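Letter by letter, the chains look like this.
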Amino acid sequence: MFTKGQLVFAGFFVIAFVIATLYAYRGDKLLHQKFYKGSYKILIGFVLFILMLFAIKFFFKR
């Protein structure tokens, strides 16, 4: 499906992207702690909402 060159490029791209993302996040770490305090609560709420939708779908499908 993919050539060897495409797979090698994809591997290098993923590695470079992860390194660049970590480097960028490291520079913004102090700003994230200051301005996005408590944002994990939003993430937990969103995940719970999605799980609730799956539960409703499961129970009403029967």
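Residues numbered from 1 in each chain as written. Predicted model: local features only at pLDDT ≥ 70, side-chain atom pairs only at ≥ 80, totals over all residues. Heavy atoms only, no water.

*Asks:* Please explain the overall build of the chain as it appears in this structure.
*Replies:* Each helix and strand counted, the chain has three helices and zero strands in total. Along the chain, helices and strands appear, N-terminal first, in the series α-α-α. Whereas a compact globule of 62 residues would reach a radius of gyration of roughly 11 Å, the chain reaches 20 Å, over 25% beyond that. Burial analysis of the chain (62 residues in total) assigns 0% to the buried set. (Helix = DSSP H or I, 4+ residues; strand = E, 2+ residues; numbered from the N terminus. Rg over C-alpha atoms; globule rule 2.2 N^0.38 Å. Buried < 20%, exposed > 50% of the residue type's maximum accessible area, 1.4 Å probe, protein only.)

*Asks:* Sorry, what's going on with the packing of aromatic side chains here?
*Replies:* In this description, a pair of aromatic rings is defined by centroid distance and the angle of the planes. Counted under the stated rule, the structure contains three aromatic pairs. The interplanar angle of 15 degrees and the centroid separation of 6.2 Å between the aromatic rings of Phe13 and Phe17 together place this pair among those described as stacked. Placement of the pair is Phe13 and Phe17 together in helix H1 (residues 4-27), with a separation of four residues, close to one helical turn. With a centroid separation of 5.5 Å and 70 degrees between ring planes, the pair formed by Phe58 and Phe59 is classed as edge-to-face. An aromatic cluster is present here, built from Phe9, Phe13 and Phe17 joined pairwise through their rings. (Phe/Tyr/Trp six-rings, centres within 6.5 Å; stacked < 30°, edge-to-face > 60°.)

*Asks:* What's the story with the environment of Met1 in this structure? I'm lost.
*Replies:* Along the chain, the position of Met1 falls in the segment before H1. Since its relative accessible area comes to 97%, Met1 is described here as exposed. Linking Met1 and Phe58, residues 57 residues apart in sequence, is a C-alpha distance of 36 Å.

*Asks:* Where do I start with the confidence of the model for the chain in this structure?
*Replies:* Where the model shows low pLDDT, its predicted coordinates should not be examined in detail. Looking at the chain as a whole, its pLDDT mean stands at 92, while 100% of the residues score no less than 70. Ranking the elements of the chain by mean pLDDT puts helix H2 (residues 29-35) last with 84 and H1 first with 95. (pLDDT = per-residue confidence, 0-100.)

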